[in-house]
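Residue strings, one per chain:
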Amino acid sequence: MRALSLIVVVVWHWAFTILEWKPHGPEPTSPLGFTSGLWILTWLLQVLPLFFYVGGHVHLLSWNRAKTRGVGIGSFVLRRIRALALPALVLSGVWAVIGAVVTWAFGVDWMWRVVLLVLSPLWFLGVYLVLIALLPVALWLHNRYDVLALIWLGGAALVIDVVRFSYGVDRVGWLNMLIVWGLAHQAGFFYDRVVALPRRYDKGLLWTGLFALFGLVYSGIYPGSMVGVPGDKWSNMAPPTFVIVALLLFQIGLVEVLRPSMERVLVRPGWRRVNDFINRYSLPLFLFHTTGMAIALGLSWWWFGTMGTQIPPDLKWWLERPIAIIGPLICTAPVIYLFGRRRTPVRQKRDEDVSRSLGSEHA
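Quick caveat, the model's predicted, so the values are computed rather than measured.

Colleague: Tell me about the environment of leucine 210, and please be specific about residues and values.
Modeller: Within the fold, leucine 210 resides in helix H11 (residues 199–217). Apart from the residues within four sequence positions on either side, leucine 210 is in contact with Trp43 and Phe250.

Colleague: Account for the packing of aromatic side chains, naming residues and giving values.
Modeller: Within the structure shown, the criterion is met by 25 aromatic pairs. Where tryptophan 123 meets tryptophan 181, the ring centres are 6.3 Å apart and the plane angle is 45°; that geometry is what we call tilted. Of the two residues, tryptophan 123 is situated in helix H6 (residues 123–133) and tryptophan 181 in helix H9 (residues 176–187); the sequence distance between them amounts to 58 residues. According to the relative accessible area criterion, tryptophan 123 is partly exposed, its value standing at 32%. Within the aromatic cluster, the residues linked to one another by ring pairs are Phe51, Phe52, Trp123, Phe124, Tyr128, Trp181 and Phe286. Seen from the ring of phenylalanine 76, arginine 80 lies directly overhead, with NZ or CZ sitting 3.6 Å from the centre. Over the ring of tryptophan 317 we find arginine 321; its NZ or CZ atom is 3.9 Å from the centre of that ring.

Colleague: Lay out the pairing of strand E2 (residues 25–29) in plain terms, naming residues and giving numbers.
Modeller: Pairing of strand E1 (residues 18–22) with E2, which is carried by 5 bridges, proceeds in the antiparallel orientation. Opposite isoleucine 18, over in E2, you have threonine 29 as the bridge partner. Count of turn residues in the E1/E2 antiparallel hairpin: 2 residues.

Colleague: Give me helix H3 (residues 48–68): which residues, what numbers.
Modeller: The periodicity of an α-helix, 3.6 residues per turn, causes residues three or four places apart in sequence to face the same way. Its 21 residues place the ends of H3 31 Å apart at the C-alpha level, agreeing with the 30 Å of an ideal helix rising 1.5 Å per residue. Counting buried positions along H3 gives 16 out of 21 residues, so the element sits mostly inside the fold. Just past H3, the residue glycine 70 takes up positive phi, approximately 85°.

Colleague: Break down the pattern of salt bridges for me, citing the residues and quoting the values.
Modeller: Evaluated as defined, the whole model comprises 5 salt bridges. Put simply, Glu256, Arg259 and Glu263 are held in one network by salt bridges that share partners.

Colleague: Which residues make up the nonpolar core, and what values do they have?
Modeller: Grouped together as the largest cluster of nonpolar side chains are 81 residues, with contacts concentrated most on Phe52, Tyr53 and Trp181. Here the element with the most residues in this core is H3; it accounts for 10 residues. Residues in contact with phenylalanine 52, not counting those within four places in the same chain, are Phe124, Val127, Tyr128, Leu131, Trp181, Ala184 and His185.

Colleague: Would you mind going over the packing of H3 against helix H4 (residues 73–106) in detail, with residue names and values included?
Modeller: Relative orientation of the contacting elements H3 and H4 amounts to 135°, with a least axis distance of 11 Å. In terms of their interaxial angle, H3 and H4 are classed as oblique. Handedness of the crossing formed by H3 with H4: right-handed. Packed against H3, whose contacting residues are His59, Ser62, Trp63 and Ala66, the element H4 presents Ile73, Phe76 and Arg80 at the interface. A breakdown of the residues in the contact of H3 with H4 according to their chemical character gives 4 nonpolar, 2 polar and 1 charged.

Reading the values: rules and limits
Residues numbered from 1 in each chain as written. Predicted model: local features only at pLDDT ≥ 70, side-chain atom pairs only at ≥ 80, totals over all residues. Heavy atoms only, no water. Helix = DSSP H or I, 4+ residues; strand = E, 2+ residues; numbered from the N terminus. Contact = heavy atoms within 4.5 Å. Phe/Tyr/Trp six-rings, centres within 6.5 Å; stacked < 30°, edge-to-face > 60°. Buried < 20%, exposed > 50% of the residue type's maximum accessible area, 1.4 Å probe, protein only. Lys NZ or Arg CZ within 6 Å of the ring centre and 35° of its normal. Pairing = 2+ DSSP bridges. Expected span 1.5 Å × (residues − 1). Salt bridge = Lys/Arg side-chain N within 4 Å of Asp/Glu carboxyl O. Core = buried A, V, L, I, M, F, W, Y, C linked by side-chain atoms within 4.5 Å. Axes fitted to C-alpha atoms, helices over the stretch in contact; angles between N-to-C directions. Parallel < 35°, antiparallel > 145°, perpendicular 65-115°, else oblique. Left-handed = near helix turned anticlockwise from the far one by under 90°. Nonpolar A, V, L, I, M, F, W, Y, C, P; charged D, E, K, R; others polar.

Given below as structure tokens:
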């Protein structure tokens, strides 16, 4: 689930990002803004709730193992923060240098906008790092209040939406960046219990989330898309709204309904190797996918003189979507090889739990 959620995000960015070139530089937009009804696909393809859900599960597993070895919660948290923050900081530093050099040498004022677009998908890693830092608080809430912690977080997210939308206090909505994603992460602590539930409860979760989504979206308060769409009055993702809580319930129920079929597939040796390969490279792929996309677009501009996309996209653009993935993939692969290869055996063994906490085995 972890690998799938990251890959869906990567493919979405590669295939469905439209760059419109304006005097101030490239400006991204989405085909969802030009195609009626396509937003319903985001109920399946906006998979970040699942990523945070799985993250909570594997962090709890890793902490329980570390605790039996006498590892303190402080060192446990610091190791995980270092493992995730270091590559993101290096990537950000490299692009900052590129932006400064290109701006100074060639006078390209919009280069900083390019840097921002390349690094902007890393926002969720920042949220993830905060949740790792708050892991002691999350564990205390889970051990002390159990499922009440989820109810309180969901209620807090709803109250913030009421204050934001009914009273016009827009800035308070950014608290939901922590509350909504914290709820998804906290829900991962209940992963084993959800798996153990009878099948009828899986369907109950699915239908509860689905009905909640329909009710919230068709209330006229929230947009239907689970990603930002130009022209919508606001986004369900920036900052997240209570709709994402309903989406989380729906997606947890869906994956549990699909679990028996997926387990039958993943126990086969061939699919197991595929799963291991994907999990090995999914996080480096996510970190560097916008870098590869920028290289591919730059080469396309240099070789073919093509900048941006026709707005709105035509039939040819839609037919080219599978091909649009190939260029960024080819350009991302050498970046992963140079900067995202596996660690040496000694360091890999030392950071084994870090890898597990990111879902390389258990997700």
